[in-house]
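# A closer look at the structure
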Amino acid sequence: MQYRKHPRTNEKISILGFGTGYIRDINPLEIKEIFEYGFENGMNFIDCIRVEDKFIKPIRQTINEFQDKVFTQMHLTGKFINGEYKRPRNVKHMVDVLNEDIKAFGVEYADFGLIHSVDEMDDFERIIENGVLDYAIKLKDEGLIEHVGVTSHNPEVCSKFIEYSDIDFFMMSINPSFDYIINEDKFELNNSRAEFYKNCRKEKIAISVMKPYGGGRLLNKNLSPLKIKLTTNQCIQYCLDRPGVITVLPGISSLSQLKESLNYLNAEPKDCDYSVIGDIGVNIEGQCMYCGHCEPCPNEIPISLISKLYDLSMIGDELAKTHYMKLSHHASECEKCMKCENYCMFNVKITDKLDKIVEFYGI
Ligand code: SF4
Ligand code: SF4
């Protein structure tokens, strides 16, 4: 295993950690086997999002076996209750859920406490107004959380958190399909995302990566928005090359998937070379690249975000669906003014896609 240090505290964190969002329909013995294999191979970082309580016990058992070397990343103000996803932005809920998670995972505190899934500015404002972030920092002072941060798909929202407070960690969705845009006939890195990563490094803020394989789509030519197949090695290398990134958390749902991700550690440099992205060119017609050039929508529909969530839902990401349902604005608010389609450089049939989104989610 290779390790990177948190730039503020020098904690050594494995460059590959566990994403748990896809742990479902697996028997407890297999879950234990997966986590034991990972820990035995030097992984020491686990995202503890609680999808379903029944999956926690085997994870807790393996954490307990390896506790002195496992970092836990817990989610604040987001939880499944009786199968329904709740995301109330209030202090009481945050403290209750944190205490429950700490107990459920059998640890004394959360190494990383992240305010869960903040993608919209009005959600950021609600979190600040309700004192959620300030209280999370207080919990840090009280020793319940070691680092305070945020999970998000949106670097602009993350930058607002950096302006507001001295947080030191983000969990971000990062992969080439989320990072690249077409700019004046060139396929290139999205400047605002690139600047965000650089700023994180400058401010000594660390990043853990979710969705390194784009929910698996990047590994399949037919599903990938880039219209090429990338390998797990290329995707991991891409994420690790972003400034600020210290660990990559592929969502694991089987031991073979974990082994495939860990193969990165023994891969030749040529196998991790992702320069093929530079050859993609601008011929990605019709595929949403989540660049946001079509925004703002006069009805405040977050087009790029809901497009991303829909695509993730289509490949079985249940959290994406719950996330969509909690947004302030939905595809059903589209009045087909067509303003967005005029600005999309990828010629995405946005309104057609929004119709499909409404059909799928119901709103
Ligand atoms: S619809 Fe077009 S402009 Fe909008 S996010 Fe997708 S690719 Fe970008
Ligand atoms: S067509 Fe719909 S989504 Fe696009 S800008 Fe108009 S209202 Fe917004």
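Calculation notes
Residues numbered from 1 in each chain as written. Chains lettered and ligands numbered in written order. Predicted model: local features only at pLDDT ≥ 70, side-chain atom pairs only at ≥ 80, totals over all residues. Helix = DSSP H or I, 4+ residues; strand = E, 2+ residues; numbered from the N terminus. Buried ≥ 20, exposed ≤ 12 C-beta atoms within 10 Å, placed from the backbone. Contact = placed C-beta atoms within 7 Å. Domains from an automatic or database assignment. Nonpolar A, V, L, I, M, F, W, Y, C, P; charged D, E, K, R; others polar. Near = placed C-beta within 6 Å. Axes fitted to C-alpha atoms, helices over the stretch in contact; angles between N-to-C directions. Left-handed = near helix turned anticlockwise from the far one by under 90°. Core = buried A, V, L, I, M, F, W, Y, C linked by C-beta atoms within 7 Å. Pairing = 2+ DSSP bridges. Parallel < 35°, antiparallel > 145°, perpendicular 65-115°, else oblique. Arc of directions from axis to C-beta.

What follows deals with the overall build of the chain. Along its length, the chain carries 15 helices and 13 strands. Principal-axis analysis of the C-alpha atoms places the extent of the chain at approximately 55 × 50 × 40 Å. Relative to its 363 residues, the chain shows a buried fraction of 44%. Relative to all contacts within the chain whose residues are 6 or more apart in sequence, the contacts with residues 24 or more apart total 75%.

On domain assignment, one finds that the chain holds domain 1 (3–279) and domain 2 (303–361). Just the C-alpha atoms count here: the centres of domain 1 and domain 2 sit 23 Å apart. Of the residues lining the interface, 13 residues belong to domain 1; the matching set on domain 2 comes to 14 residues. The residue makeup of the side of domain 1 that touches domain 2, split by class, is three nonpolar, five polar and five charged.

Okay, the site of ligand 2 next. Neighbouring residues of ligand 2: 15 residues in total, closest C297, C334, C337, K339 and C340. Counting residues per element, the shell around ligand 2 draws most heavily on helix α15 (residues 350–361), which supplies three residues. Residues of the shell around ligand 2, tallied by class, amount to 10 nonpolar, two polar and three charged.

Let us look at the packing of helix α12 (residues 303–314) against helix α13 (residues 318–325). The geometry of a pair of packed helices is captured by two quantities: the angle between their axes and the separation between those axes. At a minimum axis separation of 7 Å, α12 and α13 run at an interaxial angle of 145 degrees. Judged by the sense of rotation from one axis to the other, the crossing of α12 with α13 is left-handed. Seen from α12, the contacting residues are I306, L309, L312 and S313; seen from α13, they are A320, K321, H323 and Y324. Here the contact of α12 with α13 is built from residues that sort into five nonpolar, two polar and one charged.

Quick look at the nonpolar core now. One broad rule of soluble globular proteins: the nonpolar side chains tend to lie buried together. I115, F170, V209, C239, V248 and I306 are the most contacted members of the largest nonpolar core, which has 94 residues in total. For this core, the leading source of residues is α12, giving six residues. Per-domain counts for this core show at least three residues from each of domain 1 (3–279) and domain 2 (303–361). V248 has contacts with I15, L16, V209, P212, I236, C239 and L240, leaving out every residue within four places of it along the chain.

To continue, consider the site of ligand 1. The environment of ligand 1 is formed by 14 residues, the closest being C288, C291, C294, S304 and C344. Residue contributions to the shell around ligand 1 peak at three residues, all from α12. For the shell around ligand 1, the per-class residue count stands at 10 nonpolar, four polar and no charged.

A few words now on the sheet that holds strand β13 (residues 245–248). Strands belonging to one sheet form pairs held by backbone hydrogen bonds; the direction of such a pair is parallel or antiparallel. Taken together, seven strands build an open sheet; the order of strands is β3-β4-β7-β8-β9-β12-β13 and the sheet is parallel. Pairing within the sheet leaves two strands with one partner each, and these edge strands are β3 (45–47) and β13. Each neighbouring strand pair of the sheet contributes to a mean axis angle of 25 degrees, computed without reference to strand direction. Both strand β7 (residues 110–115) and strand β8 (residues 145–152) contribute to a ladder of five bridges, which runs parallel. Its bridge partner being in β8, A110 is matched across the sheet by I145.

As a further point, take the packing of helix α6 (residues 155–164) against helix α8 (residues 191–202). Where α6 contacts α8, the two axes come as close as 10 Å, and the packing angle between them is 30 degrees. It follows that α6 is roughly parallel to α8 by the angle criterion. Classified by chirality, the crossing of α8 by α6 is left-handed. Contact with α6, carried on its side by P155, E156, C158, S159 and I162, involves S192, R193, F196 and N199 of α8 and no other residues of that element.

So, on to the environment of G216. Inspection of the secondary structure assignment puts G216 in the loop between β12 (206–210) and α9 (232–240). C-alpha of G216 to C-alpha of T351: the two residues are 135 residues apart in sequence and 25 Å apart in space.

Attention now moves to helix α2 (residues 56–65). The complete set of buried residues in α2 reads I56, P58, I59 and T62. Projected down its long axis, α2 carries its buried residues within an arc of 165 degrees, all on one side. Contacts made by the buried residues of α2 are with α1 (28–40) and α3 (91–104).

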